Amino acid sequence: MYKVGVIGPNSSVERIINLGKEYEMTMDFIAYPYRDFQDTERIVLEYNSYVDVWFFSSRISYMIAKNTLNSGENLVYIQHTESGIYKSLLHMGYYQGEFLNKVSIDELTTSHLEQALQQIDFAPKEIYVKTFNINSNTQELIDFHIDLWKSEKTNGALTCFEAVYLSLKEAGVPTYRISTTDMEIRQTLRILAEKTRTFFFKDTQIGVQIIEVEHFDKLSEKVKSSYHLQYLELRLKETLLRFCEQLDGSLLEKGNGRYVIFSSRGAIERKIKDLQDTVYQLSHESDTAVTVGIGYGVTVHSAEINAKRAIQLSKEKSEHGIVIIQEDGTIIQSAGEEDELSFSYRINDKDFLDKLKKVKISVKNYNKLYALIKRMNWSNFTIKDLATHLYWDERNARRVVVSLCEVDLAEYIGEESYSSRGRPGKMYRLK
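Residues numbered from 1 in each chain as written. Predicted model: local features only at pLDDT ≥ 70, side-chain atom pairs only at ≥ 80, totals over all residues. Heavy atoms only, no water.

1. Some thoughts on the pattern of salt bridges
Applying the stated rule across the entire model yields 16 salt bridges. Close ionic contact of Asp182 with Arg15 constitutes a salt bridge, the shortest N to O distance being 2.8 Å. A residue pair is termed long-range when its members are at least 10 positions apart, and Asp182 in helix 8 (residues 182–204) and Arg15 in helix 1 (residues 10–19) qualify at 167 residues. The class for Asp182 is partly exposed, based on a relative accessible area of 35%. The class of Arg15 is partly exposed, set by a relative accessible area of 27%. Across the pair Arg265 and Glu327 runs a salt bridge whose closest N-O atoms are separated by 3.0 Å. (Salt bridge = Lys/Arg side-chain N within 4 Å of Asp/Glu carboxyl O. Helix = DSSP H or I, 4+ residues; strand = E, 2+ residues; numbered from the N terminus. Buried < 20%, exposed > 50% of the residue type's maximum accessible area, 1.4 Å probe, protein only.)

Shown next, in the form of structure tokens:
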């Protein structure tokens, strides 16, 4: 049974939980209503350990929670469509006896509103739009609507927020709320149900972590006696046991500073920050670098093979941090860090593979380059960009890019201009 925390204004939370009753065999919905959407940060920080996944009534709350938790994996939100805007316009027309021609609206983006109004023939003629973001506050939105109404620039308001709606109604402003429809809620519940099935799959996968204290054999030369070395090993093992207990896993000591922890994929992914803290403690205790490789698989054997490949990759480049290799071959470098990079060493396109083989570029390096460009949202890049973020030397980065240009997988598009002295950097983009 997965615990689902529902965040939103009280009326929205009640509707979501009521419609979610059909999933009560697999999900337990817990209400966390707020008075102001900025309360989202406090709620997720206080109750995150009590739920498996968060369900948000709006995208703005989702954005706040994602920033607060530094992850969007266990978060879902209701994707608003034009239906909410049309519903509020219908209510406006019915209760006012006419469609208002002068209206103030608060929206997350203007594009959503523009798309909705383009599809109808009776849109208000004068619209004042206030866009909001995670730094906006409720009073700011209330003042926006009231100021326009008092100056007779508008005859009514449409708002996305229950708190704003209630305050405007109390002030006597004709106000209608842009709220989600049952269809939108049900669609998100279906997405949530699929997500929980993914969680179950991850929880049933085997996860193997190999943790290695580098140059452990040289530590014996530094310590004063064999007793000091044994004390060190006991302290390291105690640190690992405390972490292992959080995973509900089992610890195996391989000797010479190498340890293996067996657990589930789901448990490891939920505790990746704790693993980072554990690695820091081990490194501090031993006064040397600690490398970690994690492997996932359907069986212990396949997970252990992936973990061994991951630890080898982590040791080759210390900048890679914690390295994970998933069951499908996807490699994740610097797991849990801001510069986390995910890529595969597989490509199924034969013509594409032939081009890479022709210029002797590995699939892994190409996919790593492609993943970086996608993550950074670069429309173009320089050799220096690649060298800096992929920890390649510039000579190797230049060879890769020039080779890709030779087989028409990349192209030279111009040069950067610098105000200071020095050669301008050439700019490229992938095709």
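2. Thoughts on the sheet that holds strand 17 (residues 410–415)
The strand order 16-18-17 describes an open sheet built from three strands, whose pairing is antiparallel. With one partner strand each, in any of the chains shown, strand 16 (381–382) and strand 17 form the two edges of the open sheet. In this sheet, strand 18 (residues 426–430) lies alongside strand 16 in antiparallel orientation, the contact comprising two bridges. Residue pairing in the sheet places Thr382 in a bridge with Met427 of strand 18. Sheet contacts for helix 17 (residues 394–406): strand 16, strand 17 and strand 18; angle to strand 17, the most-contacted strand, approximately 115°. (Pairing = 2+ DSSP bridges. Contact = heavy atoms within 4.5 Å. Axes fitted to C-alpha atoms, helices over the stretch in contact; angles between N-to-C directions.)

3. Here's the deal with a negative patch on the surface
Judged by side-chain charge, Glu337, Glu338, Asp339 and Glu340 come together as a negatively charged surface patch. With respect to the helices, strands and loops of the structure, Glu340 is situated in the loop between strand 14 (331–333) and strand 15 (341–343). Judged by its relative accessible area of 33%, Glu340 falls in the partly exposed class. (Patch = residues over 30% accessible without salt bridge, like charges linked within 9 Å, V, L, I, M, F, W, Y side chains within 5 Å. Areas by Shrake-Rupley, 256 points an atom, 1.4 Å probe, with all protein chains shown as cover. Lys, Arg positive; Asp, Glu negative; His and termini not counted. Charge placed at Lys NZ, Arg CZ, Asp CG, Glu CD.)

4. So, a nonpolar patch on the surface
A cluster of nonpolar side chains, Tyr227, Tyr231 and Leu234, forms an exposed patch at the surface whose accessible area comes to about 400 Å². Along the chain, the position of Tyr231 falls in helix 10 (residues 226–247).

5. Re the packing of helix 10 against helix 12 (residues 272–286)
Following both chains from N to C, one finds helix 10 and helix 12 inclined at 175°, their axes separated by 10 Å at the closest point. In terms of orientation, helix 10 and helix 12 fall into the roughly antiparallel class. Contact with helix 10, carried on its side by Leu232, Arg235, Leu236, Thr239, Leu240, Phe243 and Gln246, involves Asp274, Leu275, Thr278, Gln281, Leu282, Glu285 and Ser286 of helix 12 and no other residues of that element. Of the residues contributing to the contact of helix 10 with helix 12, the split by class is six nonpolar, five polar and three charged. (Parallel < 35°, antiparallel > 145°, perpendicular 65-115°, else oblique. Nonpolar A, V, L, I, M, F, W, Y, C, P; charged D, E, K, R; others polar.)

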